[in-house]
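Spelled out, the chains give:
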Amino acid sequence: MRVVYTGGRPLRRTPAPRRGLWRLCVFLPCSGSLYYDSFRDPACLFTMKETDREAVATAVQRVAGMLQRPDQLDKVEQYRRREARKKASVEARLKAAIQSQLDGVRTGLSQLHNALNDVKDIQRSLADVSKDWRQSINTIESLKDVKDAVVRHSQLAAAVENLKNIFSVPEIVRETQDLIEQGALLEAHRKLMDLECSRDGLMYEQYRTDSGNTRDMTLIHGYFGSTQGLSDELAKQLWMVLQRSLVTVRRDPTLLVSVVRIIEREEKIDRRILDRKKQTGFVPPGRPKNWKEKMFAILDRTVTTRIEGTQADTRESDKMWLVRHLEIIRKYVLDDLVVAKTLMVQCFPPQYDIFRRLLGMYHQALSMRMQELASEDLEANEIVSLLTWVLNTYTSTEMMGNVDLAPEVDVIALEPLLSPNVVSELLDTYMSTLTSNIIAWLRKALETDKKDWVKETEPEADQDGYYQTTLPAIVFQMFEQNLQVAAQISEDLKTKVLVLCLQQMSSFLSRYRDETQLYKEDHLRERQNPPCYVQYMVAIINNCQTFRESVVSLKRKYLKSSGEEAVALSQPSMDGVLDAIADEGCRSLLEEVFLDLEQHLSELMTRKWLLGSNAVDTICVTVEDYFNDFAKIKTPYKKRMTAEAQRRVVVEYLRAVMQKRISFRSPEERKEGADRMVREAEQLRFLFRKLASGFGEDAAGYCDTITAVAEVIKLTDPSLLYLEVSTLVSKYPDLRDDHIGALLAVRGDASRDMKQTIIESLEQGTTQASPNYVPIFREIMVPSLNVAKLLK
């Protein structure tokens with residue numbers, strides 16, 4: 001058995017063995033080898049007697065564990081052989097370990113012996129060198145003249161080396177000046193570095209040989225006097241590029257990289273010269289330049305100037321000057337920081353941390369500007385705009401929280417632009433004067449939207465593809481901002497602001513209606529302008545639906561019981577105005593269509609039409625082309641507009657019939673004309689079913705009127721004419737006598753008596769119109785064609 005000692009920890013005492021087991025212990029190898037963790041630790045050395053006692057105790061414990069039952073005594077010899085094998089294995093490993101350590105010690109002793117011999121050899125060599133050095137002291141002192149000659153040779157060699165540069169200084173100066181003017185900044189800086197290197201080298205040699213000779217130093221400095229002017233001129237060019245860095249990095253990033261490389265070169269030269277100053281005390285004129293510090297100072301001034309220069313208007317010139325000013329700041333700052341993050345960081349070394357520095361500059365400049373604005377005598381809406389911008393917009397996704405700035409910009413870590421005290425003072429001065437401000441702002445928004453109406457580009461479309469202008473979004477965004485600020489003050493103020501917004505919205509829609517009417521009249525005077533009249537009229541119609549939905553959403557979000565009555569009073573008139581604007585817009589678009597169809601509609605029911613005119617084909621193509629643009633109209637208005645377009649086309653077709661443009665001369669002509677009318681009615685039916693395919697109902701019922709009229713014309717038996725006409729009258733009760741007379745005149749075969757009989761018979765009868773019947777003949781006039789003339 002082996003005993004493992006781990007250094008200082010006492011061995012566990014074993015309990016006394018049971019009686020009768022001591023005799024069995026003599027058969028076990030209990031006095032085996034010991035293993036110690038450290039052979040050098042005195043505390044690990046035990047006497048042999050103590051070791052034997054502990055080994056016996058351990059062996060007794062193992063035997064007690066193995067011999068728990070009487071039948072295990074038969075295995076004592078087996079246990080003894082197993083323990084003997086374990087003991088032999090441990091002793092073999094221990095011998096191998098000791099032998100390995102002995103080999104290592106032998107090798108170490110050999111290396112120490114060799115090292116000792118080397119040290120002795122070095123000592124002898126040092127002694128010989130010291131002896132030779134003492135003997136050569138006199139010889140060194142006798143070489144002083146040689147040393148002076150070497151120094152003069154070094155100076156002359158430097159002069160010869162710089163001789164070419166010295167004589168070419170004026171030419172290099174001119175070349176450098178030309179390169180600076182041409183914008184070749186890297187090449188100009190290289191030549192400037194050559195000039196400065198030649199000057200600094202000569203001045204350093206002069207300083208080293210005779211630092212007190214100011215005359216020669218002044219002479220060298222004067223000869224290279226234009227070098228400092230070139231440096232200043234180059235610096236001006238660099239600062240100009242840095243002032244326009246946000247523009248330069250987009251157009252010509254290589255120019256900005258060149259500027260940064262030049263500044264980095266100068267920084268390295270400054271560091272080298274300062275290190276040499278510590279050793280020699282010599283500093284060339286104009287050093288250190290500290291262009292890196294100047295660069296950041298220029299960027300800081302540029303940022304401050306850019307922020308302050310965004311105010312283009314004053315309160316006297318524009319009521320929304322602050323909103324415009326803050327929006328310009330937001331756009332500029334966001335664009336600048338995005339450019340800095342995506343482009344400028346690639347032009348500066350990483351250690352410059354240019355984006356973090358620019359972010360700090362912009363934040364500091366914005367904080368100063370917001371404090372200046374807060375100190376002015378602001379109106380109520382201006383206070384709202386300022387606080388909304390400072391507290392919400394600045395940290396929102398529209399600015400610092402923009403996804404393009406993440407993760408470099410952490411809006412949570414940004415310091416507030418205004419202190420809590422300033423914010424509190426601004427909120428305390430907030431007054432309820434929103435009525436006049438909202439009126440002025442809505443008027444400005446409408447003027448802005450009107451400018452979009454005359455643009456040559458189509459309006460934007462929403463996510464569903466419907467044309468729209470930004471007017472609804474801008475108006476209700478302003479309402480939302482005022483309501484949000486009011487909600488932060490009190491619930492009562494929020495309700496009052498909501499009622500005020502809806503009331504002013506109703507007044508605004510009346511002005512909006514007037515402007516759309518003027519827009520339509522201006523277009524009718526000159527149909528070529530504006531170029532996108534149809535598209536913007538579609539957007540205006542869609543805006544009505546957007547206004548309606550936005551009002552409902554605004555009420556649902558902010559309306560409380562205290563304001564329900566006032567809101568209910570304003571809502572019906574608002575709905576009526578919105579419907580009127582949309583209906584007028586739809587009618588104006590249809591007028592646009594029928595102005596283009598006028599020529600082709602005039603060809604219907606003429607001799608040219610009978611001989612084979614393509615008028616209906618052209619009408620279908622024109623209507624379909626227009627309705628491709630009208631597809632951008634939202635469904636409620638598009639459905640109404642499609643039905644109205646079909647009704648008007650059918651009315652114009654029937655008007656062509658009633659105007660007696662043609663009188664058929666034979667049954668063949670009547671059959672041909674009637675068949676053509678049926679085909680064209682089917683053609684129109686197909687067109688309007690296609691246009692109304694998304695409405696889930698048959699919207700081509702008006703076309704049946706053309707077919708019914710064609711059946712009257714097509715009738716071959718005049719004796720049945722009364723029956724056919726009476727059927728037509730029963731189906732269309734608004735059919736008047738002049739209509740019937742005109743229709744019989746188109747047939748061309750009805751005699752005077754027949755016409756009179758039919759008309760008189762129909763006058764005696766009464767026709768009851770269906771409750772769902774929509775009159776179609778009522779607006780069709782038969783000019784200069786009364787019944788008396790028809791009878792003649």
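Keep in mind that this is a model prediction, so the values were computed, not measured.

Leu-604, Met-605, Phe-630, Tyr-653 and Met-677 are the most contacted members of the largest nonpolar core, which totals 110 residues. Among the elements that line this core, the one with the most residues is helix H20 (residues 533-558), at 13 residues. Once residues within four sequence positions are removed from consideration, Met-605 is found in contact with Tyr-653, Ala-656, Val-657, Arg-661, Ile-662, Phe-664, Met-677 and Val-746. The next biggest cluster of nonpolar side chains, apart from the first, holds 70 residues, and it includes Cys-347, Leu-405, Leu-417 and Val-423.

Here Ala-406 and Pro-407 are connected by a cis peptide whose omega angle stands at -5°. Phi is positive for Lys-660, close to 50°, though the residue is something other than glycine. Inspection of the secondary structure assignment puts Lys-660 in the loop between helix H24 (635-658) and helix H25 (667-691).

With that settled, the discussion passes to the pattern of salt bridges. Per the counting criterion, the structure on display carries 35 salt bridges. Across the salt bridge formed by Glu-327 and Arg-330, the nearest N and O atoms sit 2.7 Å from each other. Of this pair, Glu-327 and Arg-330 are both found in helix H13 (residues 321-342), three residues apart, which corresponds to roughly one turn of the helix. According to the relative accessible area criterion, Glu-327 is partly exposed, its value standing at 37%. What makes Arg-330 buried here is its relative accessible area of 14%. Connected via shared salt-bridge partners are Glu-447, Lys-450 and Glu-515.

Note on placement: Ile-329 falls in helix H13. With a relative accessible area of 0%, Ile-329 lands in the buried category. Spatially, the C-alpha atoms of Ile-329 and Arg-306 are 8.7 Å apart, while their sequence positions differ by 23 residues.

So, how was this worked out
- Residues numbered from 1 in each chain as written.
- Predicted model: local features only at pLDDT ≥ 70, side-chain atom pairs only at ≥ 80, totals over all residues.
- Heavy atoms only, no water.
- Core = buried A, V, L, I, M, F, W, Y, C linked by side-chain atoms within 4.5 Å.
- Buried < 20%, exposed > 50% of the residue type's maximum accessible area, 1.4 Å probe, protein only.
- Helix = DSSP H or I, 4+ residues; strand = E, 2+ residues; numbered from the N terminus.
- Contact = heavy atoms within 4.5 Å.
- Salt bridge = Lys/Arg side-chain N within 4 Å of Asp/Glu carboxyl O.

Don't take any of this as a statement about function, it's just geometry.
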